[in-house]
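Residue-level listing of the chains:
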Amino acid sequence: MTGAGTSTPARPGFASELGRAARAFPTLLRIGVSEVVAYRAEFVVWILTTNMPLVMLAIWHAVAADGPVGRFDQKAFTAYYLGVLAVRLLTSNWAVWQLSMEIRDGTLSAKLLRPIHPIIALCADHLSAVPMRAAVISPVVAILIWSGWDRLLRHDVVLLLVLLASLVGAWLLIFFAMVLMGSLAFFVESALGIFELWIGIHAILSGYLVPLEALPRWLRGAADVLPFRFMLGFPVETLVGLLDRHAALRALGAQWGYVALAALAALGVWRAGLRRFSAFGG
Amino acid sequence: MPPDALIDVRDLSKSYRVHKRPPGIGAALKSVLRRRYELVKAVEGLSFQIAEGERVGFLGPNGAGKTTTLKVLAGLLHPTSGAVRVGTFVPQERDPRFLQLITLVMGQKQQLLWDLPPSDTYAMNRAIYDIPRAQADDTVRALVELLEIGDLVNKPTRQLSLGERMKCELVAALLHRPRVLFLDEPTIGLDVSMQAKMRDFIRDYNERYGAAVLLTSHYMDDVVALCPRVVVIDHGRLIYDGDLQALARRMRPDKRLTVRLSRTVERADLEKLGTVVSADAAQAVLSVPSVRLQAVVRDALAALPIVDLTIEEAPLEEVMRELFGAAAKGNGSTNGPPNGPRDDAHAHG
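Residues numbered from 1 in each chain as written. Chains lettered and ligands numbered in written order. Predicted model: local features only at pLDDT ≥ 70, side-chain atom pairs only at ≥ 80, totals over all residues.

What follows covers the overall build of chain B. A count of helical and extended segments in chain B gives twelve helices and 13 strands. Here the C-alpha coordinates of chain B stretch approximately 70 × 55 × 55 Å along the principal axes. Residues counted as buried form 43% of the 349 residues belonging to chain B. In chain B, 72% of the contacts between residues at least 6 apart in sequence involve partners at least 24 apart. (Helix = DSSP H or I, 4+ residues; strand = E, 2+ residues; numbered from the N terminus. Buried ≥ 20, exposed ≤ 12 C-beta atoms within 10 Å, placed from the backbone. Contact = placed C-beta atoms within 7 Å.)

Next up, the structure:
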């Protein structure tokens, strides 16, 4: 081992670190799946608490009994809210809880000691829940296909590809938003309070409670430019045939633009926050 | 930095900005509008070096800055000022090659996955540290054998006892064969026999792999058994860096003479021989100046009904208490001794 006089060899490049993370990723996913299986009962109960789309479906179904609301008749509302339920369950992740807790109680320390970026490990951790989530939503998807087959994806292969890309985009956008909010715990004690505020705005502007088409014009304008729609509404609209090819591809571009922005913002806040990390308790 | 130094700490300082408010609802509401912060200096101007393969005890009272220093050395905290190097790396840059070089074991924290067997944590670490499977398997086998944990690695972590978990934790922490071990209270909460096993294991690892060990522990038995050298800090400042035995001799030059007696003797007879530390019907402990030791032993054997006699250094706990007490009285430490080069026979306090 050399002393202080010896210069440090150049740090491995980003590609090298990414390659190392890529090699570790399958094992991290496998371990993550094992953890999800270990917590399976808690996991399923937690998933089943996502019932708001079914409540909203009941309300709008009743409203549409007297006639369609815009483009939405009863069948369209059924397809929409089943789509919301499926996409929400598949793409949501709650990394903000884990991250803010680990920063506050210092348990992040153990993850910072490992030669893999903690965000990559966190990503694998939450991504590993997707197979179990997919299994849980399969009955919802089956009902959706049975009840709304005539409108799904407008029977267009391009829209199917857009849907798949938009689901990946939605997952990443939500994940980076969670990392961004979780990393605020480096700076403020109320990072979860900010998240609660985010949840409220997201419920309205993502299409979770109400299809964006049914919002007042001024609010719809805001929803179109803000990122919330790309976390939920856009994949659902693609799935249930509310978007044509042109609109879907344009929205996909905007969504991935937001993914890149969210990733940069999250990593920026993370990096700045790490300098302030006190590692109390950890 | 000496050419063989693996760890180099120079004039390290670390301060925290801590939010302070008095108790009560009024103070809570006031703090919403105006938060008051206090700067806490955890470490101040600390310097020391550690060579490859060296085992060093890092001692100090609670709140002295030991854990903060270890966290800076492990790259978890950014120093407020000063320079730290481990090998050729600056820890806070968290170069992956630096993270491969070190491990930090904290007795009250764990990296084991709670609901999965330790073997899954080992698999995860093997992947993260990019260790070839054969090498990882060999290391796990060797460490499992050394620590005698056998099938425990296949039981869910939550079902293991504290001692078993700690052993499994060590395997996880050493799987990548680090050359620098930062051990923060590694034996805390363990029973005496488990503590002894852990000490043997740490010594064995140090000798087998030539790893440098920096150990904090409130169990002085750990320090005596493992660390020929100690670095002692108080209020974030260095008060001693050097040989443990030399420190003991300097702070407590008297020897501890323990005699087991076949019958009760008068306290006055004991006081003729030295300072009585404790005495009961069966045993007496005397503190005797080293220069008089030979004469006192001769006199004791002649005058007392002795069954057994042992001579020891004063317990390290007492040495430390005296050292911290001297520092607190202001004999240099709180006003900051010059953090000069290591001095094997000099207590800065």
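Residues and elements named next belong to chain B. Burial of strand S12 (residues 283-288) is one-sided: the residues Ala284, Leu286 and Val288 facing one way are buried, the residues Gln283, Val285 and Ser287 facing the other way are not. Where strand S10 (residues 255-261) lies against S12, six bridges are found, and the strand directions are antiparallel. Within S12, the position partnered with Leu257 by the bridge is Leu286. Pairing between strand S11 (residues 275-279) and S12: four bridges, direction antiparallel. What sits directly across from Ala279, in S12, is Ala284. Connecting S11 to the antiparallel partner S12 that follows it, the hairpin turn spans three residues. (Pairing = 2+ DSSP bridges.)

This part takes up the interface of chain B and chain A. Counting from both sides, the interface comprises 35 residues of chain B and, opposite them, 32 residues of chain A. When contributions to the side of chain B that touches chain A are tallied by element, the ones reaching two or more residues are strand S1 (5-20), helix H3 (96-101) and helix H4 (118-128) of chain B. Looking at the side of chain B that touches chain A element by element, the count peaks at five residues for H4 of chain B. Among the residues forming the side of chain B that touches chain A, the class breakdown is 20 nonpolar, five polar and ten charged. (Nonpolar A, V, L, I, M, F, W, Y, C, P; charged D, E, K, R; others polar.)

Okay, the packing of helix H5 (residues 95-105) of chain A against helix H9 (residues 157-183) of chain A next. Residue and element names in this part refer to chain A. The interhelical angle for the contact between H5 and H9, taken along N-to-C directions, is 25°, at an axis separation of 8 Å. One finds that H5 runs roughly parallel with respect to H9. For the crossing formed where H5 meets H9, the hand is right-handed. For the pair H5 and H9, the contacting residues are Ala95, Val96, Leu99 and Ser100 in the first and Phe175, Met178, Val179, Met181, Gly182 and Ser183 in the second. Partitioned by chemical class, the residues of the contact of H5 with H9 number seven nonpolar, three polar and no charged. (Axes fitted to C-alpha atoms, helices over the stretch in contact; angles between N-to-C directions. Parallel < 35°, antiparallel > 145°, perpendicular 65-115°, else oblique. Left-handed = near helix turned anticlockwise from the far one by under 90°.)

On average, residues of chain A carry a pLDDT of 90, and 95% of them reach 70 or more. Counting contacts from residues 1-5 of chain A, a segment whose pLDDT is below 50, to residues more than four positions away or on other chains yields twelve contacts. (pLDDT = per-residue confidence, 0-100.)

The next point concerns the sheet that holds S11 of chain B. Residue and element names in this part refer to chain B. Taken in spatial order, the four strands line up as S11-S12-S10-S13 in an open sheet, and their pairing is antiparallel. The two strands at the open ends of the sheet, each matched to only one other strand, are S11 and strand S13 (306-313). The mean inter-strand angle of the sheet, taken between neighbouring strand axes irrespective of direction, is 20°.

Here we come to the sheet that holds strand S5 (residues 102-106) of chain B. All names here are of chain B. Spatial strand order, S5-S6-S7-S3-S8-S9: six strands in an open sheet with mixed pairing. Each having just a single partner strand, S5 and strand S9 (237-243) make up the two edges of the open sheet. The sheet shows a mean angle of 15° between the axes of neighbouring strands, taken without regard to direction. Docked against the sheet, helix H2 (residues 66-73) engages strand S3 (55-59), S5, strand S6 (180-184), strand S7 (212-216) and strand S8 (229-234), running at close to 150° with respect to S6.

Of all hydrophobic cores here, the largest spans 158 residues; its most connected members are Leu173 and Phe176 of chain A together with Val171, Val180, Phe182 and Val230 of chain B. The element contributing the most residues to this core is H9 of chain A, with 15 residues. Formed by eight residues, the second largest nonpolar core is a distinct cluster that contains Val259, Leu273, Ala284 and Val288 of chain B. (Core = buried A, V, L, I, M, F, W, Y, C linked by C-beta atoms within 7 Å.)

Residues and elements named next belong to chain B. Taken across its six residues, S8 has six buried, putting it largely inside the fold. Here S3 pairs with S8 via four bridges, running parallel. Counted as the bridge partner of Leu59 is Val232 from S8. With six bridges joining them, S8 and S9 adopt antiparallel strand pairing. What sits directly across from Asp234, in S9, is Arg237. The turn joining S8 and S9, which pair antiparallel and follow one another in sequence, is formed by two residues; a positive phi near 50° is taken by His235.

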